[in-house]
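Topology and contacts: notes
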Amino acid sequence: EQLISIRGATLAYPTASGDPVQALNPIDLDIRAEAFVSLVGPSGCGKSTLLKILAGLLHQSEGEVTLDGRPLTGPSPNVGVVFQQPVLLPWLTILNNVLLPIRVQKRNVDEYRQRAMDLLAMVGLEGFESRYPSELSGGMQQRVGIVRALVPDPQILLMDEPFGALDALTREQLNDDLQTIWAEQRKTVFFITHSIPEAVYLSDRVLVMSERPGRVIADFEVDIPRPRS
Ligand code: ADP
Ligand code: ADP
């Protein structure tokens, strides 16, 4: 039933002085498939650390993390990640940027081109396929980053303050895009934000983390009607 299961996970960063930085108290957390879970909390409490563990970019120091019942051992094609800065390759067109994970994963690009075009259209970027990243605004570039994470059709989408660098209006538009994507693509979303209103608007579940070393101090369901297909 649970897609993501975290049991007693901690993380200690090694440091030059030899004293590790304990970033997480033991975390126990279950996330069901197709949930939209937001994570809020003060800077430095360990939100990104937890997300990087789920992304397979860091391995927990203790405890166990499973995806679909299997231990998570590293980055997986089934997990898409969006960071605050999309880091697009400036010498590739928008279409080739969003197809890059397909090439990296050595999948057949021809099978994903239409999906890439459709996702770009869904976030208002129809007609921009042959443009280059430098021709796009920050908000458009972040839309490209989101599409790039979605093209391989991962079951899980991890987002670390994806709209943190954007102005308020662009942020609102992207919130709406994200809702459309969630309604149509049925992803399990784990979304870090500094904005509690944004968390409540987007999610069906909000987690609150405390000061470092972080632990989840509140976990509540959001029960407001919102459009879902
Ligand atoms: P948040 O995302 O909530 O701002 P982070 O997960 O980035 O928090 O960081 C949690 C804590 O771990 C912070 O105190 C941070 O300074 C520390 N930290 C993060 N990355 C490293 C690292 N690579 N080396 C040492 N300490 C780190
Ligand atoms: P976020 O914006 O997600 O909270 P941060 O600004 O906390 O991220 O950290 C940005 C990057 O710097 C992350 O990759 C994190 O691991 C790293 N980092 C954060 N704190 C430290 C630290 N004390 N020492 C080394 N690296 C750190």
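Anyway, here's the lowdown on the structure attached to this text. These numbers were taken from a predicted model, which means no experiment stands behind them. (Residues numbered from 1 in each chain as written. Chains lettered and ligands numbered in written order. Predicted model: local features only at pLDDT ≥ 70, side-chain atom pairs only at ≥ 80, totals over all residues. Heavy atoms only, no water.)

**Topic: the pattern of salt bridges**
Overall, the coordinates contain ten salt bridges when judged by the stated rule. We note a salt bridge from Lys-187 to Asp-153, for which the minimum N-O separation is 2.5 Å. Placement of Lys-187 in the loop between α5 (168–185) and β8 (188–192) and of Asp-153 in the loop between α4 (138–150) and β7 (156–160) is noted, with a sequence separation of 34 residues between them. Taking relative accessible area as the criterion, Lys-187 reaches 4% and is therefore assigned buried. (Salt bridge = Lys/Arg side-chain N within 4 Å of Asp/Glu carboxyl O. Helix = DSSP H or I, 4+ residues; strand = E, 2+ residues; numbered from the N terminus. Buried < 20%, exposed > 50% of the residue type's maximum accessible area, 1.4 Å probe, protein only.)

**Considering the pairing of β8**
A large share of β8 lies buried, amounting to five of its five residues. Neither face of β8 is left uncovered, since the one carrying Thr-188, Phe-190 and Ile-192 and the one carrying Val-189 and Phe-191 both have all their residues buried. The pairing of strand β3 (residues 36–40) with β8 spans four bridges and is classified as parallel. Opposite Val-37, over in β8, you have Phe-190 as the bridge partner. In this fold, β7 hands off to α5, which returns the chain to β8; that crossover is right-handed. (Pairing = 2+ DSSP bridges. Right-handed = clockwise from strand over helix to strand, strands pointing away.)

**Side note on the site of ligand 2**
Around ligand 2 sit Ser-48, Lys-52 and Asp-160, and that is every residue in its neighbourhood. Between ligand 2 and Lys-52 there is a distance of 2.8 Å, counted from an oxygen atom to a side-chain nitrogen or oxygen. Here an oxygen atom of ligand 2 sits 3.3 Å away from a polar atom, N or O, in the side chain of Asp-160. (Near = heavy atom within 4 Å. Polar contact = N/O pair within 3.5 Å; in protein donor to acceptor, adjacent residues only side chain to side chain.)

**A closer look at the packing of aromatic side chains**
A complete count under the given rule lists three aromatic pairs for this structure. Relative to Trp-182, the ring of Phe-36 lies with its centre 5.5 Å away and its plane at 85 degrees, an arrangement referred to as edge-to-face. Of this pair, Phe-36 sits in strand β3 while Trp-182 sits in helix α5, and the two are 146 residues apart along the sequence. Taken as a pair, Phe-36 and Trp-182 share a single burial class, namely buried. Grouping aromatic residues by their ring pairs yields a cluster made of Phe-36, Phe-163, Trp-182 and Phe-191. (Phe/Tyr/Trp six-rings, centres within 6.5 Å; stacked < 30°, edge-to-face > 60°.)

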